[in-house]
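# Structural characterization, general
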Amino acid sequence: MEIVGEINSSTALWYISRATGVVALLLMTAVLLLGLLVSRQGKLPGLPKFAVTGLHRNLSLIAVAFVGLHVLTAVTDGYVNIPLLSAVVPLSSPYERLWLALGAVSLDLTLAIAVTSLVRNRLRRKTWKAVHWLAYLSWPVAWLHSYGSASDLRGGWLFLLALADLLAVVVAVGWRLAAAARDVPRAERVGLIMTAVHQRGRSR
Amino acid sequence: MTPAVTTDVPRLLPRDGERIQNWRAHSAKFGRIPYRNAAGSLINDIEASGLTGRGGAAFPTYRKLAAVLEASVRKRVRPTVIANGAESEPASEKDATLLWLAPHLVLDGLQLAAEAVGAESAVLYTHAHRAGDVGARLREAIADRFDDHVAVRLAIAPPRFLAGQETALISHLDGGPAIPRFPFPRVTEQGLDGDPTLVQNAETLAHLALIARFGPGWFREIGTRREPGSFLATVRRADGRPRIMELPLGTPVPEVIGGLGQVTALLIGGYHGTWVPVARAAKLRLDNESLSSVGASVGAGILAALPGDRCGLVESARILRYLALESAGQCGPCLNGLPRMSAALTALARGRAPRGTRADLERWAGLVTGRGACHHPDGTARFVASALRTFAAELDRHGRGQCGATNAAPFLPVPQSAARTEEDWL
């Protein structure tokens, strides 16, 4: 957007939508990184494990709130025409048809993840987990939506920020996959530890 | 294939050890299955009888029956009943013996329990090592019966120590590995296929079949007031051979063991049980009221007398090694703790333990307790703690490089094959 006019009552919603969109992307990135950490039972310096899980959960709620604000302000704003339905139905927006379709897909996936997590107690673990895996789809779609629909992100500091997000996620997923590849199958763990501790006892 | 059977209480086991394999012979002796035709009417009799689970936990049987009935009515599903004869405890042979000698009594109990909770399917679970003899006989026995209301499926438990634990058993029947999960939700709520499931030890069902015939008053004629009835025990005296005995609850220990003079200590309740010095054991009766005074319980009725020529420390180290290897490897405290405890006790038994090993072992036993999905770490810690207490003098002797034993042959049975891959749990 070349329009860098002043913020007034007619442009406020538009600016809020753009700003909350950027923050939502940052939060979603943080939530994904924390989720990757939680899935490996990892720790953050100075935090016990349950606090990492708590951070992941609470930050995800804040992220959803920002996404909600981002979507509502974009729909309400009259500068461009985005019907409310287009927030959830892909390819139904007259404005930026493709890029907003990605936003709608990401929102749908995010809502599915949020709702199943809120009623997790009532679901089988397998069901909840299957839906939760959609985060790996939701995040890249959200990133593409951000990059594609916001000219803000195509240059300058925000571009570097978007690039940093992408890099962080790629590195974290790589770490997650490498850690999983090193996993010892459950049935073989005890044998390994037994051999190790009994040998240590004998060598003394 | 059957160990020696002795019984003064011919309830479950025939007095002369002869098999009642044949359905006709069984019906001639006990009469036909006394179906009640109304779901739940048997549960009152079971409550009045005071029957408790004979698989080890001694949980009141009627409460499980009532819980499964209630849950299945509420959820509008038909539950499943499982007769648990997995007997994955290596020192126990009472369920296999019962299933061998009197299969129809267990199968009657399975039918009656199925009727009481409105079940439409039933499973009989037996140990892999007995699939050849007991399993084959059970198949014949099931085919022999003609008054069954629900079909009975025979299932074989893998030879893992934890495979008989009720959640492990259900995981196995659902096609997964025979590993336990957290006890909640209870299997009475969500068991096989997620539906309410009744899991009863095979012996418990045999008692149930007799109570259905002769009534709760008859059941209470023997045993103690608080713990009525009889139970099957696997008893090893100093000769080491297993003896299956049917005993009234409350039987004094000396009557069961006999010749306590050559014995140094008793293991009560199996490998999750408690070592008790012989002087204290001689004053005990076999009921939970008496045994709780030494931190023991009747459990699944395992009683072993350690002869004076063997070393209790070496025996315990061997058993602990087995228990550690049988950890399912799911929960950190068990996976990491049990192997270290095993290495420590082995080092103590070899007299090569560095200073502080005994204190480490005691501390670790406390640390693993209550921190697993199942009770494997708790039972193992109890076993180790009782060994350290009971064999304290032997520990000191080993610390000086000596050992009180003159016979190095292993006494208690410990399976040699440990699980190596996921296949071994299926």
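Here the structure is a predicted model, which means the values were calculated and not measured.

## Side note on the overall build of chain B
- When helices and strands are counted, chain B shows 16 helices and twelve strands.
- Its C-alpha radius of gyration of 21 Å places chain B within 12% of the 22 Å reference for a compact globule of 426 residues.
- Put simply, chain B has 426 residues, and 55% of those count as buried.
- For chain B, the share of sequence-separated contacts (at least 6 apart) that also reach a separation of at least 24 residues comes to 72%.

## Quick look at the overall build of chain A
- Counting its regular elements, chain A contains seven helices and zero strands.
- The order of α-helices and β-strands along chain A, N terminus first, is α-α-α-α-α-α-α.
- Over its C-alpha atoms chain A spans a radius of gyration of 21 Å, topping by over 25% the 17 Å that the globule rule assigns to 204 residues.
- C-alpha atoms of chain A, sized along the principal axes, occupy 80 × 40 × 30 Å.
- Here chain A holds 204 residues, and 27% of them are scored as buried.
- Excluding contacts between residues fewer than 6 apart, the proportion of contacts in chain A whose partners are at least 24 apart in sequence is 57%.

## Observations concerning the sheet that holds strand β2 (residues 80-85) of chain B
Residue and element names in this part refer to chain B.
- Strand order across the open sheet formed by four strands is β4-β3-β2-β5, with parallel pairing between neighbours. A strand with exactly one partner marks an edge of an open sheet, and here the two such strands are β4 (152-157) and β5 (197-201). The average angle at which neighbouring strand axes cross in this sheet is 20°, direction not considered.
- Against the sheet, helix α5 (residues 103-117) contacts β2, β3 (121-127), β4 and β5, and its axis sits at roughly 150° relative to β2.

## Here we look at the confidence of the model for chain B
- Here chain B averages 94 in pLDDT, and 99% of its residues register 70 or above.
- Here the predicted complex carries an ipTM of 0.88, next to a pTM of 0.84.

## Points about the domain arrangement of chain B
Residues and elements named next belong to chain B.
- Along its sequence, chain B is carved into domain 1 (7-219), domain 2 (230-307) and domain 3 (312-410).
- A straight line from the C-alpha centre of domain 1 to that of domain 2 covers 25 Å.
- Of the residues lining the interface, 17 residues belong to domain 1; the matching set on domain 2 comes to 21 residues.
- It is helix α4 (residues 94-101) that provides the largest number of residues to the side of domain 1 that touches domain 2, a total of three residues.
- Here the residues of the side of domain 1 that touches domain 2 are counted per class, giving six nonpolar, five polar and six charged.

## Details of the packing of helix α13 (residues 332-349) of chain B against helix α15 (residues 376-390) of chain B
Residue and element names in this part refer to chain B.
- Following both chains from N to C, one finds α13 and α15 inclined at 20°, their axes separated by 10 Å at the closest point. Considering their axes alone, α13 and α15 lie roughly parallel with respect to each other. The chirality of how α13 crosses α15 is left-handed. Along its contact with α13, which presents Pro-333, Cys-334, Gly-337, Leu-338, Met-341 and Leu-345, the element α15 presents His-376, Pro-377, Thr-380 and Val-384.
- Each residue belonging to the contact of α13 with α15 can be placed in one class, and the counts come to seven nonpolar, three polar and no charged.

## Here we look at the nonpolar core
- Within the largest apolar cluster, 142 residues are counted, with the highest numbers of intra-cluster contacts made by B:Leu110, B:Ala113, B:Leu169 and B:Leu266.
- In terms of residue count, the dominant contributor to this core is α13(B) (ten residues).
- Counting 30 residues, the second-largest nonpolar core is a separate cluster that includes A:Leu25, A:Ala87, A:Ala101 and A:Leu153.

## So, the pairing of β4(B)
Residue and element names in this part refer to chain B.
- As paired elements, β3 and β4 share six bridges and run parallel to each other. By the bridge assignment, Val-123 is partnered in β4 with Arg-153.
- On the question of chirality, the crossover connecting β3 to the parallel β4 by way of helix α6 (residues 131-144) is right-handed.

## Comments concerning the interface of chain B and chain A
- Taken together, the contacts link 22 residues of chain B with 13 residues of chain A.
- Among the elements of the structure, α12 (312-325) and α13 of chain B are those that each provide at least two residues to the side of chain B that touches chain A.
- Ranked by residues supplied to the side of chain B that touches chain A, first place goes to α13(B) with eight residues.
- Residue classes in the side of chain B that touches chain A are distributed as ten nonpolar, seven polar and five charged.

## Section: the packing of helix α1 (residues 12-39) of chain A against helix α2 (residues 49-76) of chain A
Residue and element names in this part refer to chain A.
- Two elements in contact, α1 and α2, have axes whose closest approach is 8 Å; the angle formed by their N-to-C orientations is 155°. In terms of orientation, α1 and α2 fall into the roughly antiparallel class. The handedness of the crossing between α1 and α2 comes out as left-handed.

## Quick look at the sheet that holds strand β7 (residues 242-248) of chain B
Residues and elements named next belong to chain B.
- The six strands are arranged β1-β7-β6-β12-β9-β10 in an open sheet whose pairing can be described as mixed. Single-partner strands in this sheet number two, and they are β1 (4-7) and β10 (274-277). For this sheet, the mean inter-axis angle between neighbouring strands, taken without regard to orientation, is 25°.
- Two elements, strand β6 (residues 230-236) and β7, share seven bridges in a ladder whose sense is antiparallel.

## A short note on the pairing of β3(B)
Residues and elements named next belong to chain B.
- β3 sits mainly inside the fold: six of its seven residues count as buried.
- Note: β2 against β3, six bridges, orientation parallel. The residue of β3 that forms the bridge with Ala-83 is Leu-124.

Calculation notes
- Residues numbered from 1 in each chain as written.
- Chains lettered and ligands numbered in written order.
- Predicted model: local features only at pLDDT ≥ 70, side-chain atom pairs only at ≥ 80, totals over all residues.
- Helix = DSSP H or I, 4+ residues; strand = E, 2+ residues; numbered from the N terminus.
- Rg over C-alpha atoms; globule rule 2.2 N^0.38 Å.
- Buried ≥ 20, exposed ≤ 12 C-beta atoms within 10 Å, placed from the backbone.
- Contact = placed C-beta atoms within 7 Å.
- Pairing = 2+ DSSP bridges.
- Axes fitted to C-alpha atoms, helices over the stretch in contact; angles between N-to-C directions.
- pLDDT = per-residue confidence, 0-100.
- Domains from an automatic or database assignment.
- Nonpolar A, V, L, I, M, F, W, Y, C, P; charged D, E, K, R; others polar.
- Parallel < 35°, antiparallel > 145°, perpendicular 65-115°, else oblique.
- Left-handed = near helix turned anticlockwise from the far one by under 90°.
- Core = buried A, V, L, I, M, F, W, Y, C linked by C-beta atoms within 7 Å.
- Right-handed = clockwise from strand over helix to strand, strands pointing away.

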